[in-house]
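Below, each chain spelled out in residue letters.
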Amino acid sequence: MTAPQRLVVVSNRVNPPAAQGEESVGGLAMALAAALKQYSGVWFGWSGQTTPEFTGELNVVEQRGVTTATVDLEEIDLDEYYNGYANKTLWPLFHYRTDLAAFHRAFGEGYRRVNRRFAETLRPLIQPNDLIWIHDYHLIPLARELRRLGVKNRIGFFLHVPWPAHQVMINLPRHRQLVESMFDYDLIGFHTAEYQQAFEEYVLNEADGVTLPPGRLRAFGRTVETGSFPIGIDVDDFARMMKSGRARRMRDLMTACTVFRHLIVGVDRLDYSKGLEERFLGFETFLQQNPDLRREVLMLQIAPPSRESVEAYQEIRGRLDALSGRINGEFADVDWAPFRWVNRNYRRDELAGIYGAARVGLVTPLRDGMNLVAKEYVAAQDPEDPGVLVLSRFAGAARQMEEALLVNPNSPEDIADALKRALSMEKAERVRRWQALYENVVREDVTAWRDSFVAALADEGATRQGLAV
Ligand code: GDG
């Protein structure tokens, strides 16, 4: 594909992929880096560092063919914007945890300030024909700030988390202002049609909006195009990784330590949205209800810590430590324990090996924009003898992965039933379900996601209407 335009990617953190063999940062970073190579351009965001006083000084680096431009933020920005409005207000709210959402004016001010700072720092890098692609809930009002500075380029936004139902969204103070700022984009992408519809419902109900088919919404005197673009994994890279020495060794190791037993695996960032407590209770219920199967399973939950400076994340760790201890205390024997709870980060190739050795992939978030672990688990299976994916119906991935065993992640009994069913499933059914799942993982991979979004954003036929610039 020849691409005349440059792409400017903006996200809170900038993570170009590491060189082959090193620990890499995941499919999304790979896809964005690949997009930048294809289109040329720049990836802009926060450096991850703080500075006593914001200067807007850019650190521009060429890393493995990708140009990154990063900026330091002040400590107060970190508190109010990143740990504050992004991770204590929007993240819990968009994951339906209104009980955990903190609403402080200072957070909102910090969020606006950082979005303004990002816009002012980014502005000089933008050339007239660039496509600008902004990512995620940290940067929702960035287009508005860029428009204020006179930027007329096409700007797209992709939301990696769910867009919540209307009644949940209106818990946010000044929700209308936030949504109004989204009408400065040309294109807004969601993972699923359900989130897209929830956004539309908000706009129709709260902003007297109207729908203008296909996929267009008019409100606040402006028109925006919306679409669903389900993100996927880098299937080719994953297949290469599965063949690596480290993946094979890890697979062999896990197979060796589960002789005569089936491995059930969960891999998640340690986050309350991932349904870990309910999952642990589901496994405990399974052990209680199936004494005859107890010695036939080992559950491994890998959960590297994340966002450790947010209190809700510290608290969940304590509760999970206690629960895992209780499960092993209740069911372990002198020569055997049913549960392994591991709080560290593994290399991606090692994770691939672990997935490959597991008879069950247990992926039960209470809410999740998409969930890439479900797709990685499927990609890692042996086509001749695949394992079974047990998946929350509240993950965006459930919309594409209906051949998984779909469960209500809030119900330990539902999880226990699905585990029993997965463990006793005949090979023919496992193969049939896996084939359908794998087909989808391959078809809707990260390249398809990237290309369909960029094509929609670049679509010259879609002219911006009513922009306030
Ligand atoms: C957000 C949305 C959406 C996990 N542990 C380790 C490790 N991981 C990797 C997994 C997977 C990634 O992290 C997690 O991706 P998810 O999609 O499951 O979840 P979030 O981090 O919450 O991502 C989500 C996604 O954005 C993309 O739009 O799907 O809904 O919440 O790739 O493998 N990677 C390594 N070591 C670990 O220990 N290396």
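Everything in this summary refers to the structure shown in the same document.

A look at the sheet that holds strand 12 (residues 297-302)
Moving on, step 1. Spatially, 13-12-11-14-15-16 is the arrangement adopted by the six strands of the open sheet, whose pairing is parallel. Looking at the sheet topology across the chains shown, the edges are occupied by strand 13 (339-342) and strand 16 (405-407). This sheet shows a mean twist of 20° between the axes of neighbouring strands, independent of strand direction.

As for the site of the ligand
Moving on, step 1. Around the ligand there are 22 residues in total, and His160, Tyr346, Asp368, Met370 and Glu376 lie nearest to it.
Moving on, step 2. Here His160 contributes a side-chain N or O atom positioned 2.6 Å from an oxygen atom of the ligand.
Moving on, step 3. A distance of 2.5 Å separates a nitrogen atom of the ligand from a polar backbone atom of Tyr346.
Moving on, step 4. Summarising the interface, the protein chains cover 87% of the accessible area of the ligand, which totals 740 Å² for the free molecule.
Moving on, step 5. Of all the secondary-structure elements, those providing two or more residues to the shell around the ligand are helix 12 (348-357) and helix 13 (372-379).
Moving on, step 6. Counted by class, the shell around the ligand contains 10 nonpolar, five polar and seven charged residues.
Moving on, step 7. Of the residues that make up the shell around the ligand, three or more belong to each of domain 1 (7-232 + 447-458) and domain 2 (235-444).

Section: the pairing of strand 2 (residues 41-50)
Moving on, step 1. Of all 10 residues that make up strand 2, seven are buried, and the element is covered over most of its length.
Moving on, step 2. Across five bridges, the pairing between strand 1 (residues 7-13) and strand 2 is parallel. Across the sheet, residue Val10 finds its bridge partner in strand 2, namely Phe44.
Moving on, step 3. Pairing between strand 2 and strand 4 (residues 66-73): six bridges, direction parallel. Opposite Thr50, over in strand 4, you have Leu73 as the bridge partner.

Examining the pattern of salt bridges
Moving on, step 1. Scanning the model with the defined rule gives 31 salt bridges in all.
Moving on, step 2. When the shortest N-O distance is used, the salt bridge between Arg113 and Glu80 registers 2.9 Å. A residue pair is termed long-range when its members are at least 10 positions apart, and Arg113 in helix 3 (residues 105-122) and Glu80 in helix 2 (residues 75-94) qualify at 33 residues.
Moving on, step 3. Assessed through its relative accessible area of 14%, Glu80 is described here as buried.
Moving on, step 4. Two residues, Arg421 and Glu429, come together in a salt bridge whose shortest N-O distance is 3.7 Å.
Moving on, step 5. Of the residues examined, Arg421 reaches a relative accessible area of 45% and is grouped as partly exposed.
Moving on, step 6. Within the structure, one salt-bridge network assembled from shared partners comprises Glu74, Asp77, Glu80, Arg113 and Arg117.

Some words on the packing of aromatic side chains
Moving on, step 1. In total, this model carries 25 aromatic pairs according to the counting rule given.
Moving on, step 2. For the ring pair Phe44 and Phe118, a centre distance of 5.3 Å and an interplane angle of 75° mean the geometry is edge-to-face. One end of the pair, Phe44, is in strand 2; the other, Phe118, is in helix 3, and 74 residues separate them in sequence.
Moving on, step 3. We classify Phe118 as buried; its relative accessible area is 0%.
Moving on, step 4. Taken together, the ring pairs connect Phe94, Trp163, Phe183, Phe190, Phe199 and Phe220 into an aromatic cluster.
Moving on, step 5. Lying over the aromatic face of Tyr346, Arg344 brings its terminal NZ or CZ to 4.1 Å of the ring centre.

Points about helix 7 (residues 193-206)
Count 3.6 residues to each turn of an α-helix, and residues three or four apart come out pointing the same way.
Moving on, step 1. Across its 14 residues, helix 7 extends 20 Å between first and last C-alpha, which sits within 8% of the 20 Å expected from 1.5 Å per residue.
Moving on, step 2. When helix 7 is considered as a whole, its buried residues turn out to be Tyr195, Gln196, Ala198, Phe199, Tyr202 and Val203. Mapping the buried residues of helix 7 onto a view down its axis gives an arc of 160°, with all of them on the same face.
Moving on, step 3. Residues of helix 7 that are buried make contact with helix 5 (166-169), helix 6 (175-182), strand 7 (187-190), strand 9 (216-219) and strand 10 (222-228).
Moving on, step 4. In the stretch just after helix 7, Asp208 is the one whose phi turns positive, near 50°.

Thoughts on the sheet that holds strand 3 (residues 58-63)
Moving on, step 1. The sheet built from 10 strands is open, its strands ordered 3-4-2-1-5-6-7-10-9-8 with mixed pairing. If you trace the sheet from one side to the other, it starts and ends with strand 3 and strand 8 (210-212), each paired once. Adjacent strand axes in the sheet meet at a mean angle of 25°, parallel and antiparallel pairs treated alike.
Moving on, step 2. The sheet strands contacting helix 2 are strand 1, strand 2 and strand 4, and the helix crosses strand 2 at an angle near 110°.

Looking at the nonpolar core
Moving on, step 1. Formed by 94 residues in total, the largest nonpolar core has its most connected members in Phe118, Ile134, Trp163, Tyr185, Phe199 and Phe283.
Moving on, step 2. Each of domain 1 (7-232 + 447-458) and domain 2 (235-444) gives at least three residues to this core.
Moving on, step 3. With residues up to four places along the chain from it excluded, the contact list for Phe118 reads Ser11, Phe44, Gly45, Trp46, Val71, Leu73, Tyr81, Leu139 and Leu142.
Moving on, step 4. Counting 64 residues, the second-largest nonpolar core is a separate cluster that includes Val9, Tyr39, Val267 and Val454.

Conventions used here
- Residues numbered from 1 in each chain as written.
- Predicted model: local features only at pLDDT ≥ 70, side-chain atom pairs only at ≥ 80, totals over all residues.
- Heavy atoms only, no water.
- Pairing = 2+ DSSP bridges.
- Helix = DSSP H or I, 4+ residues; strand = E, 2+ residues; numbered from the N terminus.
- Axes fitted to C-alpha atoms, helices over the stretch in contact; angles between N-to-C directions.
- Near = heavy atom within 4 Å.
- Polar contact = N/O pair within 3.5 Å; in protein donor to acceptor, adjacent residues only side chain to side chain.
- Areas by Shrake-Rupley, 256 points an atom, 1.4 Å probe, with all protein chains shown as cover.
- Nonpolar A, V, L, I, M, F, W, Y, C, P; charged D, E, K, R; others polar.
- Domains from an automatic or database assignment.
- Buried < 20%, exposed > 50% of the residue type's maximum accessible area, 1.4 Å probe, protein only.
- Salt bridge = Lys/Arg side-chain N within 4 Å of Asp/Glu carboxyl O.
- Phe/Tyr/Trp six-rings, centres within 6.5 Å; stacked < 30°, edge-to-face > 60°.
- Lys NZ or Arg CZ within 6 Å of the ring centre and 35° of its normal.
- Expected span 1.5 Å × (residues − 1).
- Arc of directions from axis to C-beta.
- Contact = heavy atoms within 4.5 Å.
- Core = buried A, V, L, I, M, F, W, Y, C linked by side-chain atoms within 4.5 Å.

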